[in-house]
Amino acid sequence: MNTPRYTGLIDRYRDRLPVREDTRAVSLGEGNTPLIRLQNISRDLEGHLHGKSANDLTKRIEIYVKYEGLNPTGSFKDRGMTMAVTQAVAEGSRAIICASTGNTSASAAAYAARAGITAFVLIPEGKIALGKLAQAMMHGAIVLQIRGNFDAGMQLVKEVAESAPVTIVNSINPYRIQGQKTAAFEIMDALGHPPDYHCLPVGNAGNISAYWLGYTEYYRDGVVGKRPVMCGYQATGAAPFLRGHPVENPETVATAIRIGNPQSWETAAGAQQESGGWFDEFTDEEILAAQRLLAQKEGIFCEPASAISLAGAMRDIKSGKIPGGSRIVCTLTGHGLKDPDTAIAQSTSPTVINAELESVRKAILENLEGTT
Ligand code: F0G
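Participant: Would you explain the pattern of salt bridges in this entry?
Facilitator: Close approach of charged atoms lets side chains of opposite charge pair. Here the structure, examined in full by the defined rule, presents 21 salt bridges. Residue Arg243 pairs with Glu281 through a salt bridge whose shortest N-O separation is 2.8 Å. Of the two residues, Arg243 is situated in helix 10 (residues 240-243) and Glu281 in strand 9 (residues 278-282); the sequence distance between them amounts to 38 residues. One continuous salt-bridge network, built from bridges that share partners, spans Lys66, Glu68, Arg79 and Glu186.

Here it is in structure tokens:
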């Protein structure tokens, strides 16, 4: 028997979203992303814990990754963008605008194309990953590269929208958060209950706010009996939540979260406090190590910013902050293909050989040595 064709998260969760019955969704089939249980990394972590304490011997580590890189434009932004653009079109808007570290601009560009409206995107010159730039350009957005960072772009967008006929589609647009909360619904629908801990990267802080909203709605309506502890991770060079104030010149290899002045500060801090969670920070080296680990141990390629969620979960499991036996979900916010430069820069160069049978044979035998 055929299962009904999946037509995107607005259709799936319409009764929990602020859209009218008769509003047609601007959709590219976003959402419905896989929740993949880690195998090899969990086993290694269990080995680490068992070595440490006999107490943990019976305790399994259950880590899932919510692979948001498999959304239509390769990041979680599509969840919010389908809602924001659907609403913009319903209100008669002809143009949308955003500041972006890359993914929001890619998503805005695609959904604007789908809706037949114009997207203006402000991006920091030279500081967005190549794939994201290619997307914004290819979808026909008007790309404005500013000599300034994301925070400067965000300020400009807020100011210009007061006098120009454009709808802001950054996460300060409440429809974005509404769309993004559906990721929490999907996790609870898939597991049958919320995880004990939810680990994710924090940049502009919209996504942690959106997850908390989603978890809270199911909890308030009695669909589930509890909410997870929210753990937000930032790059050391761009960690305003760790410093306790905005950071003037944020810097990190994880350009997606190169943000010093998060717009959703209060709601993110509220989620952390209400859930009994925490913020922590990771160096660029630690972020890239987690990205390689996921790619090489589990076959899952995410972008650097996304990998910080796994780096965080692993550190907190090892330290005991997240106790053995916990069920953990890490959000992998964007696909690794977004940032090929950073992937290639940290990988071994391919071997060049002659196009001869013997050279290929030799290469195989050399590389298999010691693996059997
Ligand atoms: N991970 C990725 C891959 C991102 O692109 C972003 C944000 C985040 C995490 C952080 O999420 O801002 O909701 O806390 N990217 C935005 C952009 C800022 O412009 O694409 P957040």
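Next, the rest of the story.
Participant: Please clarify how the site of the ligand should be interpreted in this entry.
Facilitator: Close to the ligand lie 20 residues; Ser100, Gly203, Asn204, Ala205 and Thr333 are nearest. Taking Thr104, its main chain carries an N or O atom lying 2.8 Å from an oxygen atom of the ligand. Note that an oxygen atom of the ligand is positioned 2.7 Å from one of the backbone N or O atoms of Asn204. When residues of the shell around the ligand are traced back to their parent elements, those giving at least two are helix 4 (103-115) and helix 9 (206-220).

Participant: Help me out: how do you make sense of the nonpolar core in this one?
Facilitator: As a rule of thumb, nonpolar side chains are buried together in soluble globular proteins. If you look at the biggest cluster of nonpolar residues, it comprises 36 residues, and the most contacted ones within it are Leu38, Ile63, Cys199, Leu294, Ile317 and Ile328. Broken down by secondary-structure element, the contributors of at least two residues to this core are helix 2 (40-52), strand 2 (62-67), strand 7 (197-201), strand 8 (229-235), strand 9, helix 12 (284-298), helix 13 (304-319) and strand 10 (327-332). With eight residues, the top contributor of residues to this core is helix 13. One finds Ala183, Ala184, Phe185 and Val224 within the second-largest nonpolar core, a separate group that totals 28 residues.

Participant: Is there a simple way to think about the environment of Lys127 in this case?
Facilitator: The topology assignment puts Lys127 in the loop between strand 4 (118-124) and helix 5 (130-138). Excluding anything up to four places from it in sequence, Lys127 contacts Glu251, Thr255 and Arg258.

Participant: Would you take a moment to explain the sheet that holds strand 3 (residues 95-99) for this structure?
Facilitator: Through backbone hydrogen bonds, the strands of a sheet pair up, either in parallel or in antiparallel fashion. Taken in spatial order, the four strands of this open sheet run 5-4-3-6, and their pairing is parallel. In this open sheet, the two strands that pair with only one neighbour each are strand 5 (142-146) and strand 6 (167-168). As defined by bridge partners, strand 4 adjoins strand 5 across five bridges and the pair is classed as parallel. By the bridge assignment for strand 5, Phe120 is matched with Ile142. Here helix 6 (residues 150-160) sits on the sheet and contacts strand 3, strand 4, strand 5 and strand 6; the angle it forms with strand 3, its principal contact strand, is near 150°.

Participant: Whenever I open this one, helix 13 confuses me. Can you help?
Facilitator: The end-to-end C-alpha separation of helix 13 is 23 Å, in line with the 22 Å expected for 16 residues at 1.5 Å each. Judged by how many residues are buried, helix 13 sits mostly within the fold: 13 of 16 residues are covered.

Participant: Help me understand the packing of aromatic side chains, please; the structure alone is not making it clear to me.
Facilitator: What describes a pair of aromatic rings is the distance from one ring centre to the other and the angle between the planes of the rings. Counting across every chain of the model gives seven aromatic pairs. Seen in terms of ring centroids, Phe185 and Tyr218 are 4.6 Å apart; in terms of plane orientation they differ by 10°. Their pairing is stacked. Of the two residues, Phe185 sits in helix 8 (residues 182-191) while Tyr218 sits in helix 9, which places them 33 residues apart along the sequence. In terms of burial, Phe185 and Tyr218 fall into one category: buried. In textbook terms, an aromatic cluster arises when at least three aromatic residues are bridged by ring pairs, as seen for Tyr13, Phe185 and Tyr218. Taking the ring centre of Phe185 as reference, the NZ or CZ of Arg16 above it sits at 5.6 Å.

Participant: Teacher, can you tell me more about helix 12 here?
Facilitator: Helix length check: helix 12, at 15 residues, gives a terminal C-alpha distance of 21 Å against a target of 21 Å (1.5 Å per residue), a fit within 8%. Looking at helix 12, one finds that the buried residues are Ile287, Leu288, Ala290, Gln291, Leu294 and Glu298. The buried residues of helix 12 occupy an angular sector of 155° when projected down its axis, which confines them to one face. Away from its buried face by more than 90 degrees, helix 12 exposes Glu285 and Gln296. One or two steps after helix 12, the chain reaches Gly299, where phi turns positive at roughly 75°.

Participant: Whenever I open this one, a nonpolar patch on the surface confuses me. Can you help?
Facilitator: A contiguous nonpolar surface patch, about 420 Å² in accessible area, is contributed by Ile353, Val360, Ile364, Leu365 and Leu368. Mapped onto the fold, Ile364 is located in helix 15 (residues 357-368). Assessed through its relative accessible area of 46%, Ile364 is described here as partly exposed.

Participant: I keep staring at the pairing of strand 10 and nothing clicks. Help me out?
Facilitator: Remember that side chains alternate between the two faces of the sheet whenever the strand is regular. For strand 10, the tally of buried residues reaches five of six residues, placing the bulk of the element in the interior. Two strands pair when backbone bridges link them, and strand 2 and strand 10 are joined in this way by six bridges, in the parallel orientation. Within the sheet, the bridge partner assigned to Ile63 lies in strand 10 and is Ile328. With three bridges joining them, strand 7 and strand 10 adopt parallel strand pairing. Residue pairing in the sheet places Cys199 in a bridge with Cys330 of strand 10.

Here is what the cut-offs are and how they apply
The numbering scheme is per chain: residues are counted from 1 as the chain's sequence reads. Per-residue local features of the predicted model are confined to residues with pLDDT of at least 70, and side-chain atom pairs are confined, for both listing and counting, to 80 or more; whole-chain, interface and lining totals are unaffected and use all residues. Heavy atoms from the whole structure form the basis of all side-chain values; hydrogens and water molecules are not counted. A carboxyl oxygen of Asp or Glu within 4 Å of a side-chain nitrogen of Lys or Arg is what we treat as a salt bridge. Under the scheme used here, helices are H or I runs from DSSP no shorter than 4 residues and strands are E runs no shorter than 2 residues, and both carry numbers assigned from the N terminus. Near, as used in this document, describes a residue that has one of its heavy atoms within 4 Å of the molecule or strand being considered. Nitrogen and oxygen atoms within 3.5 Å of one another constitute a polar contact, given that in protein one can donate a hydrogen and the other can accept it, and given that sequence-neighbouring residues count only through two side-chain atoms. We define the nonpolar core as a collection of buried residues of types Ala, Val, Leu, Ile, Met, Phe, Trp, Tyr and Cys that are connected through side-chain atoms lying within 4.5 Å of one another. With a 1.4 Å probe rolled over the protein chains alone, any residue whose accessible area is under 20% of its type maximum counts as buried; one over 50% counts as exposed, and the rest are partly exposed. For this analysis, residues touch if any pair of their heavy atoms sits within 4.5 Å. Strand pairing follows a simple DSSP-based rule, namely that at least 2 bridges must link the two strands. For helices, the fitted axis covers only the stretch in contact; all axes are lines through C-alpha atoms, and the angles between them, taken along N-to-C directions, range from 0 to 180 degrees. Expected helix span is computed as 1.5 Å times (number of residues minus one). Classification of ring pairs uses Phe, Tyr and Trp, with its six-membered ring standing for Trp, and accepts pairs whose centres are within 6.5 Å; under 30 degrees between planes counts as stacked, over 60 as edge-to-face, and the remaining range as tilted. We call a charge positioned over a ring when the NZ of a Lys or the CZ of an Arg lies within 6 Å of the ring centre and within 35 degrees of the ring normal. The reported arc concerns the directions from the helix axis to the C-beta atoms and nothing else. Grouping into patches uses exposed residues only, defined as over 30% relative accessible area, and leaves out salt-bridged ones; the cut-off is 9 Å for like charges and 5 Å for nonpolar side chains (Val, Leu, Ile, Met, Phe, Trp, Tyr). For the accessible areas, the method is Shrake-Rupley and the probe is 1.4 Å, while residue cover comes only from the protein chains on display.

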